[in-house]
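Listed below are the residues making up each chain.
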Amino acid sequence: MGKLDTRDIVKCGLMAALIFIFTYTFKIPAPNGYTHLGDCFILLSVLILGKERGALAGGLGAALADMIGGYMVWILPTFFIKAIMAYVMGLVVEKWMPDVKFNYAIGAILGGIIQIILYTLVKMPLFGMAYAITRMPGLVIQTLLGIALTVVIVLILNKAQILKWMKELS
């Protein structure tokens with residue numbers, strides 16, 4: 001990741017705070033509990049901060065939401081799963097497909113698939129295979145919602161050239 005200066009720490013903290021807010025506050029009822037908008041901000045953090053800092057902000061913000069929300073068993077799994085999801089997206093954007101027009105969407109889909117698999121694998125020893133499998137539809141909805149919202153926001157930010165400006169500040 002390299003050395004973090006004060007500016008990097010502030011930007012990571014700001015994105016982690018946004019991720020926390022949109023995970024913890026904006027809960028949307030779903031068949032298997034609730035879904036949230038935090039994944040969208042995790043994916044946006046990758047585009048603004050890059051793969052490593054975006055993964056750090058994503059993991060911290062989501063884990064904080066679990067901690068404050070009382071989901072103690074999920075703090076560490078969430079930190080690592082969200083960070084991996086973000087990092088995979090960043091790899092697609094920065095390394096594997098840097099010149100592809102919608103590389104962020106491809107990366108978000110790949111990262112989202114990995115998130116679904118990892119959460120399901122973590123749930124199996126904790127709650128059993130039946131529980132893990134029955135919770136997958138809610139996780140798929142959450143992931144798809146986050147990706148779709150990310151695509152819409154990126155299109156808007158690109159049209160206004162705001163995303164380019166935000167990257168230049170990084």
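This report concerns the structure included in the present document. (Residues numbered from 1 in each chain as written. Predicted model: local features only at pLDDT ≥ 70, side-chain atom pairs only at ≥ 80, totals over all residues. Heavy atoms only, no water.)

1. Re the overall build of the protein chain
Selection rule: For helices the rule is a DSSP run of H or I covering at least 4 residues; for strands it is a run of E covering at least 2, with both sets numbered from the N terminus onward. Only C-alpha atoms enter the radius of gyration; for comparison, a globular chain is expected to reach 2.2 Å times N to the power 0.38, where N is the number of residues. Categorising residues by exposure relies on relative accessible area from a 1.4 Å probe, with only protein chains included: less than 20% of the type maximum marks a residue as buried, more than 50% marks it as exposed, and the intermediate range marks it as partly exposed.
Helices and strands together make up the secondary structure of the protein chain, namely eight helices and two strands. Secondary structure elements in the protein chain, listed N-terminal to C-terminal, are α-β-β-α-α-α-α-α-α-α. The C-alpha atoms of the protein chain give 15 Å as radius of gyration, which agrees with the globular expectation for 170 residues (15 Å, within 12%). Its C-alpha atoms put the protein chain at 45 × 30 × 25 Å along the principal axes. For the protein chain, the residues scored as buried account for 44% of the 170 residues in total.

2. Side note on the nonpolar core
What counts here: In plain words, nonpolar cores are sets of buried Ala, Val, Leu, Ile, Met, Phe, Trp, Tyr and Cys residues tied together by side-chain atoms within 4.5 Å. Only heavy atoms enter the contact rule, under which two residues are in contact if any of them lie within 4.5 Å.
Ranked by internal contacts, the top residues of the largest apolar core, which has 30 residues, are L47, M89 and Y104. Mapped by element, the contributors of at least two residues to this core are α1 (6–24), α2 (38–49), α3 (51–69), α4 (75–96), α5 (103–127) and α7 (136–159). For this core, the element with the highest residue contribution is α2, accounting for nine residues. Excluding its chain neighbours within four sequence positions, the residues that come into contact with Y104 are L47, M89, V93, V151, V154 and L155. The next biggest cluster of nonpolar side chains, apart from the first, holds five residues, and it includes W74, I81, I116 and Y119.

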